[in-house]
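Residue-level structure breakdown
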Amino acid sequence: MPGSTRHENPAATPRPALGLRQNLAQFMLLVAVNALVGGTLGQERTVLPLLATEAFHLDAYTGALTYILAFGLSKAAMNYFAGTLSDTYGRKPVLVAGWLAALPVPAMLILAPSWGWIVAANVLLGISQGLAWSTAVIMKMDLVGPRQRGLAMGFNEAAGYLGVAATALATGYLATSYGLRPAPFLLGAAYIALGLGLTVLAVRDTHHHAKAEASGTPDAHGAAGAGLSTGQVFTLTSFRDRSLSAASQAGLVNNLNDGLAWGLFPVLFPGAGLGVGQIGLIAAAYPAVWGAAQLVTGAASDRWGRKWFIAAGMLVQAAALAMVASGSTFEAWLAAAVVLGIGTAMVYPTLLATVGDVAHPAWRGRAVGIYRLWRDGGFAAGALLSGLVADLYGIPAAVSVVAVLTALSGIVVAVRMRGDHRRAAPLS
């Protein structure tokens, strides 16, 4: 009779297959969706710092960086809620909500009569990115299962940051040819419309894949099995577990230096006589290398382990920031952007894969959201710290301070994180 399917024996329902090959069509669709999520962020990378100085005459670095602070705080908070909501209600509704939050952003950036509108648009953009990007991460983890988690995260983050890079480059050229507004932000509007349409019409929920994995996962983590409250998951991810807490602090510092790169690099480079096209190329080179290299580093961490990719990547990032602080030419800064992209690629998918390895499938969505809360809180911390130091001592000093913090973070990972996360390890 109609509707009787809801009363069928759950044992008669086929168990969802886990693995990249078994879920390739949905996996690649989610890769495309995440590229659009990244492109929605990339519409700002080149143009907004220039808009701050040229259209709104914000001379103080801290003033120009307020939009990154707003973005970082709202995205960090939404990461937390995205994980909790997706574990409770399923993944797809949260992904759709992320796209809906982004709908007003391009119009607000185009029409903004004051800087307050730009800040408000970035609050909405942070909400959108936190919901959409976090959920795309969780859904790919659900689909592939435990064996190819690094590869999956490499594809996810590569798609997102190649989207950032391509859009940063495109908007730089659009701004050069047609002005800072409206042309660059019309591209973002197209991304949002396409992403929302694909999600509503073609993306399928993956929560049942996580439940299937959880049902076959023994409580290898002892007391940290399936039945943890959100507060307990927060404590484990943030402080108690050696690997999860090391990953959380490394993620925060990684995005602290990305917030610096986003907000201050486009202000530093014009002072050396670089044009908008050159600034756009540097702004694109960093996430382009970061994005493409993750296709290699994510899969490599599946084979050789996570810890040393992360520790070494943080030190490579620190060296790149030192190159920026000491550089003064387009060539030097372009080389530093490439090195910074390589270091970030070593870290970014590997940190996510580490969280996925250690967390039980029943609370993995919440763990990912909490990790990303700390990680994307780095945007706000980077905007605040680098802006204050740059106001007081100049941009090279701000870059140097962040370089030192990044190196120290790599040392923390080397000392605190457990070694091999390709197999479940007991929490301690």
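Preceding block: the structure.
Below, the structure is looked at part by part.

The rules behind the values
- Residues numbered from 1 in each chain as written.
- Predicted model: local features only at pLDDT ≥ 70, side-chain atom pairs only at ≥ 80, totals over all residues.
- Heavy atoms only, no water.
- Helix = DSSP H or I, 4+ residues; strand = E, 2+ residues; numbered from the N terminus.
- Buried < 20%, exposed > 50% of the residue type's maximum accessible area, 1.4 Å probe, protein only.
- Contact = heavy atoms within 4.5 Å.
- Patch = residues over 30% accessible without salt bridge, like charges linked within 9 Å, V, L, I, M, F, W, Y side chains within 5 Å.
- Areas by Shrake-Rupley, 256 points an atom, 1.4 Å probe, with all protein chains shown as cover.
- Salt bridge = Lys/Arg side-chain N within 4 Å of Asp/Glu carboxyl O.
- Phe/Tyr/Trp six-rings, centres within 6.5 Å; stacked < 30°, edge-to-face > 60°.
- 1 Å grid on protein atoms, 1.4 Å probe; cavity = no way out; pocket = protein on both sides within 12 Å on 5 of 7 lines; lining within 4 Å.
- Points joined across faces, edges and corners; volume = space filled by probe spheres on them.
- Nonpolar A, V, L, I, M, F, W, Y, C, P; charged D, E, K, R; others polar.

Within the secondary structure layout, Ser86 lies in helix 4 (residues 66-89). Residue class for Ser86 comes out buried when judged on its relative accessible area of 0%. Contact partners of Ser86, with chain neighbours within four places excluded, come to Arg91, Val94, Ile138 and His207.

Time to look at a nonpolar patch on the surface. A cluster of nonpolar side chains, Leu315, Val401, Val404, Leu405, Leu408, Ile411 and Val415, forms an exposed patch at the surface whose accessible area comes to about 590 Å². At 6 residues, helix 17 (residues 395-416) tops the list of elements feeding residues into the nonpolar patch. As for its position among the elements, Val401 is in helix 17. Accessibility expressed as a relative area gives 32% for Val401, which makes it partly exposed.

A word on the packing of aromatic side chains. A complete count under the given rule lists 15 aromatic pairs for this structure. Summarising the aromatic geometry, the rings of Tyr80 and Phe81 are spaced 5.5 Å apart at their centres and angled 80° between planes, so their arrangement reads as edge-to-face. We classify Tyr80 as partly exposed; its relative accessible area is 23%. Since its relative accessible area comes to 41%, Phe81 is described here as partly exposed. Between Phe265 and Phe269, the ring centres sit 5.7 Å apart and the planes meet at 45°, which makes this aromatic pair tilted. For Phe265, a relative accessible area of 8% puts it in the buried group.

Here we come to the layout of surface pockets. Approximately 150 Å³ is the volume found for the second largest pocket. Around the second largest pocket sit Leu18, Gly19, Leu20, Arg21, Gln22, Val144, Gly145, Pro146, Arg147 and Gln148, which together line it. Its residues assigned to classes, the lining of the second largest pocket comprises 4 nonpolar, 4 polar and 2 charged.

Taken by themselves, the reported measurements are silent on function.
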